[in-house]
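Here are the chains, one letter per residue:
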Amino acid sequence: LLEYRSDIHQWGKEDYWATPLEFLIAGGGDCEDYTVAKYFTLIELGVPDDKLMITYVKHLGLNVAHMVLSYYPTPESTPLILDNYNKEILPADKRNDLQPI
């Protein structure tokens, strides 16, 4: 089970972008670590990289900077949001708690 952990708690640094392997071995990490791991996992599963975008957002409910993975089924479509805070995959227009930066 992977758990959310801040960089300062997990790595002893204010900001650290773990590799997917570091994230898995450590058993957790912050939103960037989740997002990068999801990105590379989906690439390995055959999802084209032009359908994925690492997206910097503000989580309005928590009032914090946050990162999610956006999946675009087609270039014109509203992306689906893969988020470690909200495990339900929803279209971006249904995520009123997130504001793109």
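Scroll up to find the structure.
Here is what the cut-offs are and how they apply
- Residues numbered from 1 in each chain as written.
- Predicted model: local features only at pLDDT ≥ 70, side-chain atom pairs only at ≥ 80, totals over all residues.
- Heavy atoms only, no water.
- Helix = DSSP H or I, 4+ residues; strand = E, 2+ residues; numbered from the N terminus.
- Rg over C-alpha atoms; globule rule 2.2 N^0.38 Å.
- Buried < 20%, exposed > 50% of the residue type's maximum accessible area, 1.4 Å probe, protein only.
- Contact = heavy atoms within 4.5 Å.
- Areas by Shrake-Rupley, 256 points an atom, 1.4 Å probe, with all protein chains shown as cover.
- Lys, Arg positive; Asp, Glu negative; His and termini not counted.
- Charge placed at Lys NZ, Arg CZ, Asp CG, Glu CD.
- Pairing = 2+ DSSP bridges.

Engineer: Just to check I follow, could you spell out the overall build of the protein for this structure?
Structural biologist: Looking only at helices and strands, the protein has three helices and seven strands in total. From first element to last, N terminus to C terminus, the protein shows the α and β order β-α-α-β-α-β-β-β-β-β. On C-alpha atoms alone, the protein measures out to a radius of gyration of 14 Å, which is about the 13 Å that the 2.2 N^0.38 rule sets for 101 residues. With respect to the three principal axes, the spread of C-alpha positions in the protein is 40 × 35 × 20 Å. Scored against the burial criterion, the 101 residues of the protein give a buried share of 34%. Taking all contacts inside the protein whose residues are at least 6 apart in sequence as the whole, residues at least 24 apart take part in 34%. Accessible surface for the protein amounts to roughly 6,300 Å². Of this, 59% is attributable to carbon and sulfur atoms. Side-chain charges in the protein split into 8 positive and 16 negative, and the spacing between the mean points of these groups amounts to 5 Å.

Engineer: So what exactly am I meant to see when it comes to the sheet that holds strand β5 (residues 80-82) here?
Structural biologist: Two strands in a sheet stick together by hydrogen bonds in their backbones, pointing the same way (parallel) or opposite ways (antiparallel). The five strands are arranged β6-β5-β4-β3-β7 in an open sheet whose pairing can be described as antiparallel. On the outer flanks of this sheet lie β6 (90-91) and β7 (98-100), each paired with one strand and no other.

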